[in-house]
Amino acid sequence: MKKERLKFSHVILLLAISAALAILAGCSGNAKEAEPAVPVQIVQVERTTLQQKVTADAVLFPIAQSAIVPKISAPVKTFLVNRGSHVRKGQLLAVLENRDLAAAAQENKGAYTQAEAAYETTTAADLPQEMQKAQLDTQAAKQALDAQQKIFDSRQELVRQGALPRKELDQSAVDLTNARNLYELAKRHLDSLNAIGAQQTLKSAKGNLESAQGKFQGAAAQLGYSEIKSPINGVITDRTLYPGEMASTGIPLLTIMDISQIVARAHIPQAEAVLLKMGDNATIAASGTDQPINAKVVLVSPALDPNSTTVEVWVQGKNPHEVLRPGTSAQLSMVARTLPDALAIPSAALLTGQDGTTSVMVAGSDGKAHQHPVKVGIRDGDRIQIVEGLQAGEKIVGTGAYGLPDNSPITTAEAKPDDKNQPEGSSQKE
């Protein structure tokens, strides 16, 4: 009897456990069937134009700058400009005390005029006096030689006839030899003067003229240094002295900057610098401008900075109304490459795993999100290029994919009006 009661108790216990398991199984099935769909925003993979950009911080410089240093030391007589004055190339900016320099220039001008007159007189004469004397001496020696030659010939004939002693002929021969020697000396002297003397005379006269001219030009240059003129177009940014103060060589008197255009200089990593080249489009953004200024890359340094191992890049653009000031910090955005027909998705739709793999959640026709691996390319703002893994027109989870399990039920959520990740023309609903 006691054994029957124990068996009955065991049966009841087994039935209770079975009923509990059945209840738990039923609750689990109901929970699975009632799993809620996750609200997400659906976007469409689209083809668009993307730009690969290189950004960097930069410092602004003028397109041209000149610190005018006086070449002479003298008191400032007058200033014709102030800070902020716009000037033109060649415009007179200041005058230094120059009365002594003006007097020296006038004196040297007179000496130059005298040398010029002497040169004209020398070149206008047929022959200098020395050359005329040499020519007359040669003519006289030739005449004497001809006379001695006739006397010798006559006496030689008389000696042959026996009408004249032999010693008279010998004396005549000696006189003829002396006359010939005198003629040859006179002729060589004349030839020497003709070959060298006239040329040296002209050189001497020309040398005197050039010396006087050089002194005059030097004095005129010294006088010109007292007039400070602008070497470039620009605006006066610094004026260190007042009228009456001493201007010294080696110390800038005025500083001029041409800020009609601005040059932004930046140092960027080598890996990004290799993407850039001269002529690439760029923009310059700085305080004081409502919109970035369009510019161009004008220099990519061929060498690395030895201190920072970066590459210096210059970007040049117009400076409307001169609102950008040299020395200001600015932000550069340089277009390294443009892809006119690239597949693009919002950057918020891309999922990056701990191992670096990238994927997206594709909105399937079964109402679930399916994780799909993709390969990405360049990033342009809030959009990323898809190189492999998606096709144009496919629908993916644009917002809400982070932490969403694979094969999760999803439902379309209404996009907010200020949603920045929604590409233009993409679909928000399935």
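Structure's up top.
Computed from a prediction, not measured in an experiment: that's the story for all the values here.

## A look at the pattern of salt bridges
(1) Moving on: Applying the stated criterion across every chain yields a total of eight salt bridges.
(2) Moving on: Here Lys375 and Glu388 are joined by a salt bridge, their closest N and O atoms 3.7 Å apart. Taken together, the positions of Lys375 in strand 17 (residues 375–380) and Glu388 in strand 18 (residues 383–388) put the pair 13 residues apart, joining distant regions of the chain.
(3) Moving on: The class of Lys375 is partly exposed, set by a relative accessible area of 47%.

## Some details on the nonpolar core
(1) Moving on: Grouped together as the largest cluster of nonpolar side chains are 24 residues, with contacts concentrated most on Leu60, Ile268, Ile284, Val315, Leu332 and Met334.
(2) Moving on: Mapped by element, the contributors of at least two residues to this core are strand 2 (46–68), strand 9 (254–268), strand 10 (281–286), strand 11 (293–304), strand 12 (311–318) and strand 13 (329–346).
(3) Moving on: If near-sequence neighbours (up to four positions away) are discounted, Ile284 is found in contact with Leu60, Ile262, Ala264, Pro292, Ile293, Ala295, Val315, Gly317, Ala330, Gln331 and Leu332.
(4) Moving on: Judged by nonpolar contacts, the second largest core, of 19 residues, contains Ile68, Val81, Leu93 and Ile232.

## Remarks on the environment of Asn208
(1) Moving on: Looking at the element boundaries, Asn208 is found in helix 4 (residues 166–225).
(2) Moving on: Note on Asn208: relative accessible area 49%, which makes it partly exposed.
(3) Moving on: Between the C-alpha atoms of Asn208 and Tyr119, which are 89 residues apart in sequence, the distance is 8.1 Å.

## Comments concerning the pairing of strand 18
(1) Moving on: Pairing of strand 13 with strand 18 involves three bridges; the strand directions are antiparallel. Across the sheet, residue Ile345 finds its bridge partner in strand 18, namely Ile384.
(2) Moving on: Linkage of strand 17 to strand 18, two consecutive antiparallel strands, is achieved through a turn of two residues, within which Gly381 is found at a positive phi near 65 degrees.

## Overview of unusual backbone geometry
(1) Moving on: The backbone of His321 shows a phi angle near 60 degrees, a positive value even though the residue is not glycine.
(2) Moving on: Summarising the element assignment, His321 is placed in the loop between strand 12 and strand 13.
(3) Moving on: In this model, Asn407 sits at a positive phi of 65 degrees, which is unusual for a non-glycine residue.
(4) Moving on: Assignment of secondary structure puts Asn407 in the loop between strand 19 (395–399) and strand 20 (408–412).

## Description of the packing of aromatic side chains
(1) Moving on: Applying the stated rule across the entire model yields one aromatic pair.
(2) Moving on: With a centroid separation of 5.9 Å and 5 degrees between ring planes, the pair formed by Tyr112 and Phe216 is classed as stacked. Of the two residues, Tyr112 is situated in helix 2 (residues 99–124) and Phe216 in helix 4; the sequence distance between them amounts to 104 residues.
(3) Moving on: Phe216 gets classed as partly exposed once you look at its relative accessible area, which sits at 21%.
(4) Moving on: In this arrangement the basic side chain of Lys142 is found over the ring face of Tyr183, its NZ or CZ atom lying 6.0 Å from the centre.
(5) Moving on: Across from the ring centre of Phe61, 4.0 Å away, lies the NZ or CZ of Arg265, which sits over that ring.

## Some thoughts on the side chain of Asp380
(1) Moving on: In this fold, Asp380 is placed in strand 17.
(2) Moving on: In terms of polar contacts, Asp380 uses its side chain to reach the backbone amide nitrogen of Gln51, at 3.0 Å.

## Let's talk about the pairing of strand 12
(1) Moving on: With burial as the criterion, only one face of strand 12 is covered, namely that bearing Val311, Val313, Val315 and Gly317; the residues Glu312, Trp314, Gln316 and Lys318 on the opposite face remain uncovered.
(2) Moving on: Sheet analysis places strand 9 next to strand 12, joined by eight bridges and oriented antiparallel. For Ile268, the partnering residue across the bridge sits in strand 12 and is Val311.
(3) Moving on: Across six bridges, the pairing between strand 11 and strand 12 is antiparallel. Residue pairing for strand 12: Leu304 is matched across the bridge by Val311.
(4) Moving on: Between strand 11 and strand 12, which follow one another and run antiparallel, lie six residues, and Thr309 among them has a positive phi close to 50 degrees.

## Quick word on the sheet that holds strand 8 (residues 246–247)
(1) Moving on: Judged by pairing direction, the sheet is antiparallel, and its four strands sit side by side in the order 6-5-3-8 without closing on themselves. The sheet is open, and its two borders are formed by strand 6 (227–229) and strand 8, each paired with just one other strand.
(2) Moving on: With three bridges joining them, strand 3 (residues 74–79) and strand 5 (residues 92–96) adopt antiparallel strand pairing. Within strand 5, the position partnered with Thr78 by the bridge is Val95.

Thresholds, definitions, all that
Residues numbered from 1 in each chain as written. Predicted model: local features only at pLDDT ≥ 70, side-chain atom pairs only at ≥ 80, totals over all residues. Heavy atoms only, no water. Salt bridge = Lys/Arg side-chain N within 4 Å of Asp/Glu carboxyl O. Helix = DSSP H or I, 4+ residues; strand = E, 2+ residues; numbered from the N terminus. Buried < 20%, exposed > 50% of the residue type's maximum accessible area, 1.4 Å probe, protein only. Core = buried A, V, L, I, M, F, W, Y, C linked by side-chain atoms within 4.5 Å. Contact = heavy atoms within 4.5 Å. Pairing = 2+ DSSP bridges. Phe/Tyr/Trp six-rings, centres within 6.5 Å; stacked < 30°, edge-to-face > 60°. Lys NZ or Arg CZ within 6 Å of the ring centre and 35° of its normal. Polar contact = N/O pair within 3.5 Å; in protein donor to acceptor, adjacent residues only side chain to side chain.

Purely geometric numbers; function is a separate question.
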